[in-house]
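# A structural walkthrough
One letter stands for each residue in the lines below.
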Protein chains: 2
Amino acid sequence: VSSPEPAPAREPGPGEKLLAEIREQPQALLALLEHEAEYARAAAAARDRGATTVRMVGHGSSDNAAAYGIYAFGLLPGWTALRDSITLSVYYGAELAMAGSTAIALSQSGQTPDVVEYVERARRSGAFTVALTNDAGSELAGHAEAVLPLAAGAERSIAATKTYLNEVAALGLLAAHAAGRGRVFAEQLRVVADQLGQVIPTLERTVPQIALAFTFVGRMFVIGRGPEFATAREIALKLLETCRIAAEPLTATAFAHGPVAALDPLFPVWTIASHDDSLPAVVEAAGRVREAGATLIATGDAADTIGNADYVLQTPKPPSPLLSPLLSVVPGQLFAWALARAKGLDPDRPEGLAKVTLAR
Amino acid sequence: VSSPEPAPAREPGPGEKLLAEIREQPQALLALLEHEAEYARAAAAARDRGATTVRMVGHGSSDNAAAYGIYAFGLLPGWTALRDSITLSVYYGAELAMAGSTAIALSQSGQTPDVVEYVERARRSGAFTVALTNDAGSELAGHAEAVLPLAAGAERSIAATKTYLNEVAALGLLAAHAAGRGRVFAEQLRVVADQLGQVIPTLERTVPQIALAFTFVGRMFVIGRGPEFATAREIALKLLETCRIAAEPLTATAFAHGPVAALDPLFPVWTIASHDDSLPAVVEAAGRVREAGATLIATGDAADTIGNADYVLQTPKPPSPLLSPLLSVVPGQLFAWALARAKGLDPDRPEGLAKVTLAR
C-alpha cells in the first residue's frame, strides 16, 4: 500500500515572508530579553577593562542599527561610540591602537567575511570583542570574546526587519547595563514589545492605502535626527531594496545644508518626529518640505506635531524617548512591503541580493 | 563738471561664480601651503597632549571632508578619527569625556552656531580644540585653541568647491605632520596643485557634452571607497544642490548590501576608481552596475581599469594614493556645474539655500 502523497507545500505569495517577520517582532524582542544576563555580563566586562570607546561594525541594516548605538552609548554610560571603518583596517591595513575599545560586530548570519576579519584584527589590537549575531555557532562568534545572541529567530526574508529591531534593542540593552541601568531598560523593552503587538495590526490596515499613492515615486528623502537617524537609514534602505526608490536618509540639519534645494512636488519626504530634544529641528525641516510643495509623510510618536502633513502615521509613545526607534521603524517596514507590491515587485525577492552577502 | 558714470558691473551669468571657483582650486591649494608651519605646530600640540582620538564636526561639504579625515588620520599617524555627532552633545547634552581627543571643527564661515557650541563644549570636556576655517576672525576661531586657516579665499558660490578641496588637503596635512611626514606631504600637495592646473581645463572641455546626456536624470548612485568615499559624498551633494538629483553616496560594500537591487537602465551610477587597495571592490561593484543595465560613468586615476564604462573621465595619478581625492572630485564638480545648466538651473543659486547656513 503506497502512502498518500503529502500535500504540496504552498509557495508563499509576494511579500508573505517579509510580512510574517514584521509581525514576529514583538516575540523576537521578548526572546532577546531572555538573554539579559549575558548582556549584563558583557557590559560589566567592558567596564572592568575600561573599554569605553565603542567601535561598531556591520553592513546594511546592521550598520544602520550601529547609528543608534552612537546615541545609546553616548546618552546612557556617556561612552564615545562610532561606526568604525572596516575598510581602514581590513583593506588598507591601518594599525590602530584599540586598548580601551570595545569592538562590537553586528551580523545576522555571523558569516560576513570582512566583519569576521575586522574582529580578528581588533582583538589582536587590544579591543574587547563582542559578537551580536543570530548564530552563536558562526565563524564570527568563534572569533569574539563575548557572544550575545540576537535571538531574532530564523530570518528568511532578504530585507531584514526583526533582526534590525533586535540589534537596536541589543545595543540599547548593552549600553544601559554599562550605565548600571539595565534592569529598568529591560522592563521598558517589555512595554515596547506590548506596544508593538498593538500597533502592527493597526498599521497593517492603514499603510497599504497610503503606499498606493506612491506607486510611481522614484526618489524620496527620509529625515530623522539623533537616535531616529538610525530609523531614517533603515527605512531608506528598505525602500531602496524592495521598492527600487532612491531614498536618501538625512538628519534634519544635513537636509537644511544642501538637499533641501532638490525638493519639488515630485520628491516626497518621510519624516520621523519623536518627543525628544531633536523635535524642533525636525518640525522646522518639515516646514521647509511643505514650503517646497513636496508631499510630506509624518511618522513617529510626535507625528501629530508636524503641521500640514499629507499623511500621518502615528506610533505609540514608549516609556523613554531612547526607545522610540523600536516603534517608529514599523510604519516604514510596512510601507516598503506595501509599496513594493503596488509597484509590482516581490518584496521577498529583491533583484540581485542574497540573504548572506559575501561581497567584500 | 560731473564725473562720468562708472560702467555698470555686469551681473554674472548662470554658473559663472561656481566655474570661477572650480578654476581657482590650484591657487587655493598653494595658498594653504603657505600656512604649513601652523599645521605643524597644531599637530605637535595634539601629539604632546596625547590627543589622538580625532573628533571632526562640520555640515555639508565640511562633513564630507571629515570622511576623508578618517582615512588620513588612520593611515598616517594611526589615530582613530570619527565624524562626531554634534546633535549628541549640543542638543541632547551628552557629557562625553574628551581628554585624549582633538576636536576639529570645519566651517567655511566660522559662524555655524551648533559647530561653535560643539567646540565650546568639547573644550570644557578636555579636548584640544582646532578650528579649520576661512575666517580667522570668526566666532568659531575665537573659541578654539588653535586656528588653522583654510586660505581658500572668499567663496561666493553657494556650492562649495575650493573650500572643500582645501579642507581635504588641510586634514591630510595635519595628519601627515602628526605622523612626522608633513614635509613630504606638503611637497606632494604642490605636485597635485600642478596636476589640478593641467586637468581642469581639459575636463572643462570634455565634461559638458557628457553631462548633456543626463539632462532628464532624477536619481544616481555615486560609489567611492576608502578615502574616495569623501569624494562620493561630495559629488552626490553637488548633484543634489545644483541639479536636484537624488544622488546617493555609497561605499562599494554598502552598494552590494542592498542598493544594488534598485538599479535599472534609468538609474545611472558614477564610480570613483583609484589605484589603491580598494580598487578590486570598486571594479566588482562597477561590474554589477553593468549587469543591471545601468549607465556607468568611471572617474578617478584608475578609471581606465573599469571595463565597459559608458563614459570615462580619467584624472591624473598623484604622487601618493592618499592624495587622489583632491583630483577625483573635479570631474564631479564640473559635471554638476554643466548638468545644472543643461537642466535649465542656475548652479550659483540653488533653491532655498544661503551661503552661511544658520539652521540648527
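Now for a look at the structure at hand.

What counts as what
- Residues numbered from 1 in each chain as written.
- Chains lettered and ligands numbered in written order.
- Predicted model: local features only at pLDDT ≥ 70, side-chain atom pairs only at ≥ 80, totals over all residues.
- Heavy atoms only, no water.
- Contact = heavy atoms within 4.5 Å.
- Buried area = accessible area lost by both parts, 1.4 Å probe.
- Salt bridge = Lys/Arg side-chain N within 4 Å of Asp/Glu carboxyl O.
- Polar contact = N/O pair within 3.5 Å; in protein donor to acceptor, adjacent residues only side chain to side chain.
- Least-squares fit on C-alpha atoms with pLDDT ≥ 70 in both.
- 1 Å grid on protein atoms, 1.4 Å probe; cavity = no way out; pocket = protein on both sides within 12 Å on 5 of 7 lines; lining within 4 Å.
- Points joined across faces, edges and corners; volume = space filled by probe spheres on them.
- Helix = DSSP H or I, 4+ residues; strand = E, 2+ residues; numbered from the N terminus.
- Nonpolar A, V, L, I, M, F, W, Y, C, P; charged D, E, K, R; others polar.
- Pairing = 2+ DSSP bridges.
- Axes fitted to C-alpha atoms, helices over the stretch in contact; angles between N-to-C directions.
- Expected span 1.5 Å × (residues − 1).

## Quick look at the interface of chain A and chain B
Counting residues at the interface gives 61 residues for chain A and 61 residues for chain B. Surface buried jointly by chain A and chain B totals about 4700 Å² across both partners, of which 60% is contributed by carbon and sulfur atoms. For chain A, the biggest contributors to the area lost against chain B are Tyr 92, His 257 and Ala 261 of chain A; these three give 15% of the whole. Our enumeration of links across chain A and chain B arrives at zero salt bridges. Linking chain A with chain B are 14 residue pairs in polar contact (both at pLDDT 80 or more).

## A look at the relation of the copies chain A and chain B
Superposing chain A onto chain B takes a rotation of 180 degrees combined with a translation of 0.0 Å along the rotation axis, leaving an RMSD of 0.0 Å. In the structure described here, the two chain copies are related by an operation that fits a two-fold rotation axis.

## Notes on the layout of surface pockets
Residue and element names in this part refer to chain A. In this structure, the largest pocket occupies an estimated 250 Å³ of space. As for the largest pocket, its lining consists of 13 residues, of which Leu 76, Arg 181, Ser 320, Pro 321 and Leu 322 are closest to the centre. Per-element tally for the lining of the largest pocket: the top contributor is helix H9 (residues 182–212), with three residues. Of the residues contributing to the lining of the largest pocket, the split by class is eight nonpolar, two polar and three charged.

## Regarding the sheet that holds strand E8 (residues 269–272) of chain B
Residue and element names in this part refer to chain B. Taking strand neighbours across the sheet as the criterion, the five strands line up as E7-E6-E8-E9-E10 in an open arrangement whose pairing is parallel. The open sheet has two free edges, formed respectively by strand E7 (246–250) and strand E10 (311–314), since each of these has just one partner strand. Pairwise comparison of adjacent strand axes, ignoring direction, gives a mean angle of 15 degrees for this sheet. Taken together, the three bridges between strand E6 (residues 219–223) and E8 define a ladder with parallel strand orientation. When the sheet's bridge partners are listed, Phe 221 is paired in E8 with Val 269.

## As for helix H12 (residues 279–291) of chain B
All names here are of chain B. The end-to-end C-alpha distance of H12 is 19 Å, a good match for the 18 Å that 13 residues give at a rise of 1.5 Å each. If you follow the buried residues of H12, they end up packed against E6, helix H11 (252–256), E8 and strand E9 (296–300). One or two steps after H12, the chain reaches Gly 293, where phi turns positive at roughly 80 degrees.

Geometry only, nothing functional implied.
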